[in-house]
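The primary structure of each chain is shown beneath.
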Amino acid sequence: MGSPTDLTLAELCGALKARKVSAVEATDAYLANIEKATALNAFITVTAEKARDMAKASDARLARGEGGPLEGAPLGIKDLFCTEGILTTAGSHILDGFRPPYESSVTANLWRDGAVMLGKLNMDEFAMGSSNETSFYGPVVNPWRKRGENAKLTPGGSSGGSAASVAAHLCAAATATDTGGSIRQPASLTGTVGVKPTYGRCSRWGIVAFASSLDQAGPIARDVRDAAIMLRSMAGHDRKDSTSVDRPVPDYEAAVGMSVKGLRIGVPREYRVDGMPVEIEKLWAQGVDWLKAAGCEIVEISLPLTKYALPVYYIVAPAEASSNLARYDGVRYGWRSKETTDIRSLYEKSRAEGFGKEVKRRILIGTYVLSAGYYDAYYLRAQKVRKRIFDEFVDAFGKVDLILTPSAPSAAFALGEKANDPVQMYLNDVFTVTANLAGLPGISVPAGLDKDGLPLGLQLLARPFDEETLFRGAAAIEKSAAFKVQPQSWWA
Amino acid sequence: MAIDKETVRKVARLARLAEPEERLEPLAKELSGILKWIEQLNEVDVAGVSPMASTVAMRLPMREDVLELGPTGGGQPDNVVRNAPKTEDHFFVVPKVVE
């Protein structure tokens, strides 16, 4: 057997149960990979000692023939999830030194199932960004490079550390979060699988809040089966999150490989943008052909409000963020300015010094659209358009079982390329943001390479709480695409 | 609608963000650009549509009004102030608020 880091999560869990590899061996192998990959800047904190302790405990359980479904599997955790006693930064200076005295429900579920924590993964500050460049800890670098070039590319965002570390085999799988595309867009840019579950499927308790009506946790993994295994452990009802939905968590893995014959696949003609590379159009058409060949029925659909989803998002998300981020006041946790004279300057300066440029921009937009005189014109109107977008999907899902679209309008781009134009950066989420507004589950599956050898993903969307059909469809695309390419490990 | 420097000053004050004078003008430009792009929403007919704040069609769950144990419960003053930059006993310390 080669290195345990070459195995998928499913294979690794099998090898651990069969005692062909120990959890300590797997953990050490991953820690060695992480140590060699500092050029990727994927981790904010590596918890090597804790990882080894957890691995030892897993080995003890495995030796007794016990252990959960993820027993001994080393995972990376996006630094938006609170982890008890371990630095949790949300990629922000304002959470300097913050060690939560509690554990997020999603990570607690993973530890309950036996997983091992390797560390906390880099991300855009407060998950606000599509390129990882807003992180206080510097951008994550995509393990993928253009063929024959050395330029540093973005892994996407905000879960760029999660996507890059899965692509570079720095962990067996990772947690991530998706408010407008932050799981699916980086998955698409790194040749990994990313799932945003239905809103309410995973508990938000203990996840640093960005936009509460849109935020949802999900996995980034090497293949569809691994993503299904991860989601089963992450999901579930939690009384501590009042929007968490109380319904059983199915065995998602059982859906992987099930026939897709007879499924109706919607292809929305509006999922095109100006300047989108022809290769993405071609790959999309290829995806349609794959599903047709697998026995699906293809249905042309129309979602005419698609182009309004991003503008709605850039009212709703900043509005909710401006409210959620009011808690960072320099009093209860995190950064406190040294230049304070009175209570107001303590608030104003701590926040000005602690938040980065993009976060401040969004707090200002959010405060503006919620302020007296503008609330109806912006916020209320956005909520109404949101309802119409939701209704449009309800209608579409009366006719189809899944919707197939590209995941992102481009392949990975260079770090710095879009950093000075917020609206250009926001357009990265044009195909993913609709699922957040409507609360639908979505998945990005690597489906091919562009002319420069960079990965491209296809996205499937499903009805609320129909993740099983999502995994069925995704596995069919994965099988047809037979995407096996790995990035060259230039960083090691 | 374009927003001017004075509006940025006012909004920054509301948001408790100390923006230096020289940032106000560039911010007014940036924010106006974003708002202009957002205003395409005016093209959408929303007559008679009710605003949607949540996609989850359920009533908020109720529970007994009792103090729970654990992180959502009480009785843990050490944990409450554990991460505060400045504390005394179990209080947060801030500059004088009332003269």
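Source: prediction; values computed, not measured. (Residues numbered from 1 in each chain as written. Chains lettered and ligands numbered in written order. Predicted model: local features only at pLDDT ≥ 70, side-chain atom pairs only at ≥ 80, totals over all residues.)

(A) Highlighting the overall build of chain B. Looking only at helices and strands, chain B has three helices and two strands in total. When its helices and strands are written in sequence order, chain B yields α-α-α-β-β. Computed over the C-alpha atoms, the radius of gyration of chain B is 23 Å, more than 25% above the 13 Å expected from 2.2 N^0.38 for a compact globule of 99 residues. Summarising its shape, the C-alpha atoms of chain B cover approximately 50 × 45 × 25 Å along the three principal directions. A total of 99 residues make up chain B; the buried ones form 16% of that total. (Helix = DSSP H or I, 4+ residues; strand = E, 2+ residues; numbered from the N terminus. Rg over C-alpha atoms; globule rule 2.2 N^0.38 Å. Buried ≥ 20, exposed ≤ 12 C-beta atoms within 10 Å, placed from the backbone.)

(B) Seen up close, the packing of helix α10 (residues 309–324) of chain A against helix α13 (residues 376–399) of chain A. Residue and element names in this part refer to chain A. The contact between α10 and α13 brings their axes to 9 Å, and the two run at 125°. It follows that α10 is oblique to α13 by the angle criterion. Taken as a pair, α10 and α13 cross one another with a handedness that is left-handed. Contacts from Ala-309, Val-312, Ile-315, Val-316 and Ala-319 of α10 reach α13 at Tyr-378, Tyr-379, Ala-382, Val-385, Arg-386 and Ile-389. Looking at the contact of α10 with α13 residue by residue, the class counts come to 10 nonpolar, no polar and one charged. (Axes fitted to C-alpha atoms, helices over the stretch in contact; angles between N-to-C directions. Parallel < 35°, antiparallel > 145°, perpendicular 65-115°, else oblique. Left-handed = near helix turned anticlockwise from the far one by under 90°. Contact = placed C-beta atoms within 7 Å. Nonpolar A, V, L, I, M, F, W, Y, C, P; charged D, E, K, R; others polar.)

(C) Fine view of the packing of α10 of chain A against helix α2 (residues 21–38) of chain B. Taken N-terminus to C-terminus, the directions of α10 of chain A and α2 of chain B make an angle of 130°; their axes are 9 Å apart at the nearest point. Considering the angle they form, α10 of chain A stands oblique to α2 of chain B. Residues Pro-311, Tyr-314 and Ile-315 of chain A of α10 of chain A pack against Ile-34, Trp-37 and Ile-38 of chain B of α2 of chain B. Here the contact of α10 of chain A with α2 of chain B is built from residues that sort into six nonpolar, no polar and no charged.

(D) Focus on the interface of chain A and chain B. Taken together, the contacts link 54 residues of chain A with 41 residues of chain B. Secondary structure elements with two or more residues in the side of chain A that touches chain B: α10, α11 (343–354), α12 (357–370), α13 and α14 (422–426) of chain A. It is α13 of chain A that contributes the most residues to the side of chain A that touches chain B, 10 residues altogether.

(E) How the structure looks around helix α7 (residues 224–234) of chain A. Residues and elements named next belong to chain A. Among the 11 residues that make up α7, 11 are buried, leaving the element largely enclosed by the rest of the structure. Looking only at α7, the buried set comprises Val-224, Arg-225, Asp-226, Ala-227, Ala-228, Ile-229, Met-230, Leu-231, Arg-232, Ser-233 and Met-234. Positive phi appears at Gly-236, one or two residues downstream of α7, with a value of about 135°.

(F) Summary view of the pairing of strand β7 (residues 264–268) of chain A. Residues and elements named next belong to chain A. Relative to strand β8 (residues 297–301), β7 runs parallel, the two sharing five bridges. Following the sheet pairing, Val-267 is matched in β8 by Glu-300. Between the parallel elements β7 and β8, the chain passes through helix α9 (residues 278–293) in a crossover that is right-handed. Sheet analysis places β7 next to strand β9 (residues 402–406), joined by two bridges and oriented parallel. Paired with Gly-266 across the bridge in β9 is Ile-403. (Pairing = 2+ DSSP bridges. Right-handed = clockwise from strand over helix to strand, strands pointing away.)

(G) Geometry of the nonpolar core. Residue and element names in this part refer to chain A. Leu-9, Leu-75, Val-116, Leu-118, Ala-173, Val-312 and Ile-315 are the most contacted members of the largest nonpolar core, which has 168 residues in total. Sorting elements by how many residues they give to this core places α10 first, with 10 residues. Beyond its immediate sequence surroundings of up to four residues, Leu-9 is in contact with Ala-73, Ala-172, Ala-173, Ala-221, Asp-226, Ile-229 and Met-230. (Core = buried A, V, L, I, M, F, W, Y, C linked by C-beta atoms within 7 Å.)

(H) Summary view of the sheet that holds β8 of chain A. Residues and elements named next belong to chain A. A sheet is described by the order of its strands in space; here 11 strands give the open sequence β1-β3-β2-β4-β6-β5-β10-β11-β9-β7-β8, paired in mixed fashion. The sheet is open, and its two borders are formed by β1 (43–46) and β8, each paired with just one other strand. The average angle at which neighbouring strand axes cross in this sheet is 30°, direction not considered. Relative to strand β3 (residues 116–121), strand β2 (residues 74–78) runs parallel, the two sharing five bridges. Paired with Gly-76 across the strands is Gly-119, a residue of β3. Along the sheet face, α7 touches β4 (173–178), β5 (193–196), β6 (216–221) and β10 (442–449) and points at about 145° away from the line of β6.

(I) Inspection of unusual backbone geometry at higher detail. All names here are of chain A. Looking along the chain, the bond that leaves Gly-157 and enters Ser-158 is cis, with omega of 10°. Considering the arrangement of structural elements, one finds Ser-158 in the loop between β3 and α5 (160–167). Even without glycine at this site, Phe-126 takes up a positive phi of about 50°. Locating Phe-126 in the fold gives a position in the loop between β3 and α5. Phi is positive for His-169, which is not a glycine, with a value near 60°.

(J) The arrangement of α10 of chain A in detail. Between its first and last C-alpha, α10 of chain A extends 22 Å over 16 residues, near the 22 Å set by a 1.5 Å rise per residue. Among the 16 residues in α10 of chain A, 14 count as buried, and that is most of the element. (Expected span 1.5 Å × (residues − 1).)

(K) Just the pairing of β6 of chain A, in detail. Residues and elements named next belong to chain A. Most of β6 is tucked away, with six of its six residues classed as buried. Covered by surrounding structure in β6 are Gln-216, Gly-218 and Ile-220 together with Ala-217, Pro-219 and Ala-221, the residues of both alternating faces. Sheet topology places β4 next to β6; six bridges connect them, and they run antiparallel. The partner of Thr-175 across the bridge, within β6, is Pro-219. Here two bridges tie β5 to β6, and the two strands are oriented antiparallel to one another. Counted as the bridge partner of Val-193 is Ala-221 from β6.

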